[in-house]
Each structure stands twice: as C-alpha cells, then as structure tokens.
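Here's the letter readout for the chains.
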Amino acid sequence: MLKIDENWTWDFWIADNGEEYHVYFLRASKLYKDPLTRHDVIRNPDGRQKRSSIGHAVSKDLASWHVFPDVLSHGSDGQFDDLATWTGSVVKGPDGTWYMFYTGIASESEGKIERIGFATSENLFDWTKRYDLGLVEADPTWYEKYGDSDWPNETWRDPWVFPDPNGEGWHMYITARSRIGPVDDRGVVGHAVSRDLKNWEVRPPLSESGGGFGNCEVTQINLVEGRPILLFSCLRREFSDKRRRQGKKGGGKGGVWALPCENVLGPFDIASAQLLTNDHLYSGRLVAKHDGSWALLAFINERKHKFVGGLSDPLKFCLRSDGSFELEKFK
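Summarised in this report is the structure supplied together with it. Given the structure is predicted, the values throughout are model-derived calculations rather than measurements.

1. Details of the overall build of the chain
Consideration 1: Tallying secondary structure elements over the chain gives 1 helix and 24 strands in all.
Consideration 2: Here the C-alpha radius of gyration of the chain, 19 Å, is about what a compact globule of 331 residues would show, namely 20 Å.
Consideration 3: Taken along the three principal axes of its C-alpha coordinates, the chain extends 55 × 45 × 45 Å.
Consideration 4: Looking at the chain as a whole, 57% of its 331 residues qualify as buried.
Consideration 5: Considering only intrachain contacts with a sequence separation of at least 6, the fraction spanning at least 24 residues in the chain is 53%.
Consideration 6: Of the accessible surface of the chain, which amounts to about 14800 Å², a share of 47% is contributed by carbon and sulfur atoms.
Consideration 7: The average position of the 42 basic charges and that of the 48 acidic charges among the side chains of the chain differ by 7 Å.

2. Observations regarding the pattern of salt bridges
Charged atoms that come close allow side chains of opposite charge to pair.
Consideration 1: Under the criterion given, the structure shown has 14 salt bridges.
Consideration 2: A salt bridge links Glu20 to Lys60; its shortest N-O distance comes to 3.9 Å. One end of the pair, Glu20, is in the loop between β1 (7-16) and β2 (21-29); the other, Lys60, is in the loop between β5 (53-59) and β6 (66-72), and 40 residues separate them in sequence.
Consideration 3: Put simply, Glu262 and Arg227 hold a salt bridge, and the shortest N to O gap is 4.0 Å. Of this pair, Glu262 sits in the loop between β17 (254-260) and β18 (274-275) while Arg227 sits in strand β16 (residues 227-235), and the two are 35 residues apart along the sequence.
Consideration 4: Judged by relative accessible area, Glu262 falls into the exposed class, the value being 75%.
Consideration 5: Under the relative-accessibility criterion, Arg227 is labelled partly exposed at 26%.

3. Remarks on the pairing of strand β11 (residues 156-163)
Consideration 1: Along β11, 7 of the 8 residues are buried, which leaves the element largely enclosed by surrounding structure.
Consideration 2: Bridging between β11 and strand β12 (residues 170-177) involves 6 bridges; their strand directions are antiparallel. If you follow Pro163 over to β12, its bridge partner there is Trp170.
Consideration 3: The hairpin turn running from β11 into β12, its antiparallel successor, is 6 residues long, and Gly167 in that turn takes a positive phi close to 75 degrees.

4. Some details on the side chain of Thr87
Consideration 1: One can find Thr87 in strand β7 (residues 84-92).
Consideration 2: Under the relative-accessibility criterion, Thr87 is labelled buried at 1%.
Consideration 3: Dropping the residues within four chain positions of it, Thr87 is found in contact with Asp11, Trp13, Leu26, Phe101, Tyr102, Thr103, Asp158, Pro159, Val218 and Arg285.

5. Focus: the pairing of β2
Consideration 1: Burial within β2 is extensive, with 9 of its 9 residues counted as buried.
Consideration 2: Side chains of β2 alternate between two faces, with Tyr21, Val23, Phe25, Arg27 and Ser29 and His22, Tyr24, Leu26 and Ala28 buried alike.
Consideration 3: As consecutive antiparallel partners, β1 and β2 are separated by 4 residues, and within that stretch Gly18 has a phi angle of approximately 95 degrees, a positive value.
Consideration 4: With 7 bridges joining them, β2 and β5 adopt antiparallel strand pairing. Residue Phe25 lies in a different strand from β5, and its bridge partner there is Gly55.

6. What about the sheet that holds β6?
Consideration 1: Strand order in the open sheet made by the 4 strands is β1-β2-β5-β6, with antiparallel pairing throughout. At either end of the open sheet lies a strand with only one pairing partner, and these are β1 and β6. When the angles between neighbouring strand axes are averaged without regard to direction, this sheet yields 30 degrees.
Consideration 2: Taken together, the 4 bridges between β5 and β6 define a ladder with antiparallel strand orientation. Across the sheet, the residue bridging to His56 is Phe68, located in β6.

7. Remarks on the side chain of Ser149
Consideration 1: Relative to the helices and strands, Ser149 is located in the loop between β10 (128-129) and β11.
Consideration 2: When its relative accessible area of 18% is taken as the criterion, Ser149 is described as buried.
Consideration 3: There is a polar contact of 3.1 Å between the side chain of Ser149 and the backbone nitrogen of Trp151.
Consideration 4: Setting aside chain neighbours within four positions, we find Ser149 in contact with Glu144, Arg177, Val183 and Arg186.

Cut-offs and rules
Residues numbered from 1 in each chain as written. Predicted model: local features only at pLDDT ≥ 70, side-chain atom pairs only at ≥ 80, totals over all residues. Heavy atoms only, no water. Helix = DSSP H or I, 4+ residues; strand = E, 2+ residues; numbered from the N terminus. Rg over C-alpha atoms; globule rule 2.2 N^0.38 Å. Buried < 20%, exposed > 50% of the residue type's maximum accessible area, 1.4 Å probe, protein only. Contact = heavy atoms within 4.5 Å. Areas by Shrake-Rupley, 256 points an atom, 1.4 Å probe, with all protein chains shown as cover. Lys, Arg positive; Asp, Glu negative; His and termini not counted. Charge placed at Lys NZ, Arg CZ, Asp CG, Glu CD. Salt bridge = Lys/Arg side-chain N within 4 Å of Asp/Glu carboxyl O. Pairing = 2+ DSSP bridges. Axes fitted to C-alpha atoms, helices over the stretch in contact; angles between N-to-C directions. Polar contact = N/O pair within 3.5 Å; in protein donor to acceptor, adjacent residues only side chain to side chain.

Bear in mind that shape data such as this cannot, by itself, settle questions of function.
Structure representation (structure tokens):
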C-alpha cells in the first residue's frame, strides 16, 4: 500500500519499464483539511499558495513503494495548466522516449477548463513539459464545452494512450461528455488518434450518451487473456437520475466499473458495464504483473464515510471460463 501521512493522494497511473513499476499519482497537502477541496487552490498560513501536484513512486511488486520527488505541478499564469495538473497516462515512444499525457486545468473562466498536454522523459524520473507540442481539446462537433449546459466544468480529462493494435499509430481515450442527451446522462468515452504521439486528431466518442453516467472517469482498456476489458469509475453522485432510481440494480453507490468488449477500439455499450468494486475503491487500473497474472489497483476512496486516499495493494483479477471476471476481495 502507498499512503503518505501528510498528503491526500488519489488518481494514479503506472509505467512499467520491464524491471520495476513507476506510479504517478495526484497528491495534495492535508492543509486542505476538507479532502473534497483537494483539487482547489488554498493559501498556507504564510500566504503561499498550495496546489495539487503529480507525485512519483517506484516498486518491484506493486505493494512496497519508494517515494521520489514530485514530477509535475501547475504551470505559470496563462498556461493551460496554470491552476492544476491532473490525471494522465504514460507510454514509451518508438524512439525510447517516454511520453506523459496529463490533464491541465486552467483558471480562465468561472468553471474549470480541462485540456490535455504532454511531458517527455528519458528515464521516468525527470519530466519536461512540452508546451510546444500543442493541446488535445474537446471538439464541439461532438463534445460538450463549458457553457453548453449547467454542468459545472468542461469535461475533457484522464487521457489513456495506447498503440493501435494494427500498428497504425496511437489512440487516446478521454473522460468526456457528449453535447447531446439529458444533462445528467452525457458521460462518454472520448477518442483521439495520432500517428506520432505529438499531433492528435479528435474523433467522435466511442460510446453514446444515455449510458447512465454523468462522467466515465479514468477510462482504461486492456487485453486480459485475449479479451478486451474496458474500465472506468463513477460514483452515485454522478449517476443519471434514471440509474439512481434503479437502486442497487443501477450500481448502488458506484465505484470501479468493468465492461468486457469485443474490440479494444469499441464501440462501447457503457450501460452494460458491471460494477467491479464498491465505493471504497476508485480510479481502478488493471496492471499486467511480471509473472503474467493481472491485478487491479485503485485508490482507497472511503471507509466509514470518510475519505482515505492512498493506493491499495494489488488485488488479483482474472477471467472466468464464461467470460465474466473475478476480483480478490479488498480488505
């Protein structure tokens, strides 16, 4: 388990260099007091601003972690990430360079504007933001923009990048919202493509609105024993009214959701997703272990109705013969 006493920690993503696992995670000082405000800007007693940043730790077994200095934090005034840096993913490019795609939050309006930027590294420890590479932004042709509805923020975050299965470049899955449908039911899997990891073209979403979710957060796709599994997270507070009315059949309090699929490139019927965990865990990630097995890691969301934070120990994940899945119980 990874837990830092003086910090709230939550969303995370993992890079595997074949010998050890590097985890990057969101962290914020507990001076925030109320963990619900950990995304915001506060002032310390000495007047200095305190904001969330991207932390870094390394492990050989996904259970024991060595914490290193933070790798990224907010940008300067006027940058797309001048308010905060949020969730992302890491991939290794063809030339050996590591690319981190992360969410940048700007303070240019009353609501938070979310866009996706880049950083690069040669060693997974030292990262350089690449403002010169441009941004991946929500296209109003298909996606809701700030002000299109009474939704408080422009949702365009949590990039998950992976190589095209046919060797034709790269794909990015994004937490996004459709521009059509009931306001509380517009959560979709956003999509962008690239040939070179530097220039991206936004495409239509790979799911439709009406799936029962206001947001499908930290989307991830993996091939587990040859079967595509889509993961995302959503708690009850961002269910549609329709899903809430279904009670426990609609997912209870929510948590991490899993959807067995036919193709890693979709389309995805998110209304058919199955609840994998309860609300004690969130922002789940499936990780291929070096012994060939699979594990789920998630941040510890709540215990006894209080936010906890911290990264769980790995939970064994496997597919049954009928295509359903089995997850070790979280204790």
